[in-house]
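# Coordinate analysis (summary)
In case you want the letters, here they are:
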Amino acid sequence: MNKIFTLLIISFAVITIKGQDNNLFNRKDYAQDVELLEGLVCKKLDSLRHNKKREKLVEDAALKTSAKNHLLWVNRTGKIVHFEDVKETKTPIKRARKAGYKEKLIGENLADTFYNKEQKTEKGVIYMNQSLEDIASDLVNNIWRHSKGHYKNIIGKEFKDHGVAIVVDTKLQKVYAMQVLGGVVKRKKH
């Protein structure tokens, strides 16, 4: 009887460990997972703006393209920076223009995190992103929300449009996220 009970516990443990993988970003569901994660990130960004009584940002295809293209460059080069080493796409504004965005004001939020790997907060608390919801919360609420510059962009009154993109390095189990924001530069009255 004890052997059967032990065997059942071991079987359950193996199933649980396999289930924790959640099959995030596997080849079959990769595009769907990325799309769902982008949507979750947008909802969390909307919530932060709502809490500050800001208008919801309008999703803009050109800004999303700008974000996606820069993340592909980030993933390819391993450089988590806002400025590329390619002249035509060096700055956030050049990338937004190339993607077709016409307004003058551009902001960028860039972050990365891991999934199914232990990580530590600045306070030393160990955690693991095991679902799309976990990843979205980590990116928006743990990383961008607690960074003065990123948060300022998120709740900025001057921004009206945005595009959110996600790129995943499945070998490293790393998620790159970018929000490109856009708006009209208001001239000061003299």
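Structural data are supplied above this passage.
Conventions and cut-offs
- Residues numbered from 1 in each chain as written.
- Predicted model: local features only at pLDDT ≥ 70, side-chain atom pairs only at ≥ 80, totals over all residues.
- Heavy atoms only, no water.
- Helix = DSSP H or I, 4+ residues; strand = E, 2+ residues; numbered from the N terminus.
- Buried < 20%, exposed > 50% of the residue type's maximum accessible area, 1.4 Å probe, protein only.
- Areas by Shrake-Rupley, 256 points an atom, 1.4 Å probe, with all protein chains shown as cover.
- Phe/Tyr/Trp six-rings, centres within 6.5 Å; stacked < 30°, edge-to-face > 60°.
- Lys NZ or Arg CZ within 6 Å of the ring centre and 35° of its normal.
- Core = buried A, V, L, I, M, F, W, Y, C linked by side-chain atoms within 4.5 Å.
- Contact = heavy atoms within 4.5 Å.
- Pairing = 2+ DSSP bridges.

Here we take up the overall build of the protein. Of the regular secondary structure elements, the protein holds six helices and six strands. Counting helices and strands in the order they occur from the N terminus, the protein gives α-α-β-α-α-β-β-β-α-α-β-β. Going through the 190 residues of the protein one by one, you find that 38% of them count as buried. Of the roughly 12200 Å² that the protein leaves accessible, carbon and sulfur atoms contribute 56%.

Okay, the packing of aromatic side chains next. All chains considered together, the criterion is met by two aromatic pairs. Grouping aromatic residues by their ring pairs yields a cluster made of F25, Y30 and Y115. Just above the ring of Y151 sits the side chain of R145; from NZ or CZ to the centre is 3.9 Å.

All right, on to the nonpolar core then. If you look at the biggest cluster of nonpolar residues, it comprises 24 residues, and the most contacted ones within it are F25, L37, V41, I166 and V175. Listing elements by their share of this core, those giving two or more residues are helix 2 (30-51), helix 5 (132-144), helix 6 (148-155), strand 5 (161-169) and strand 6 (174-183). Among residues more than four places away in sequence, those in contact with L37 are F25, L132, I135, A136, I166 and V175. Of all hydrophobic cores here, the second largest spans 15 residues; its members include A67, A96, L110 and Y176.

To continue, consider the pairing of strand 2 (residues 105-114). Two faces, one strand: in a regular strand the side chains alternate between the faces of the sheet. Judged by how many residues are buried, strand 2 sits mostly within the fold: seven of ten residues are covered. Two strands pair when backbone bridges link them, and strand 2 and strand 6 are joined in this way by ten bridges, in the antiparallel orientation. Bridge pairing in strand 6 links N109 to Q179.

Let us look at unusual backbone geometry. Even without a glycine there, the phi angle at F25 is positive, about 60°. Among the secondary structure elements, F25 is positioned in the loop between helix 1 (2-20) and helix 2. With a phi close to 55°, N116 is a non-glycine residue in the positive phi region. Here N116 shows up in the loop between strand 2 and strand 3 (118-120).

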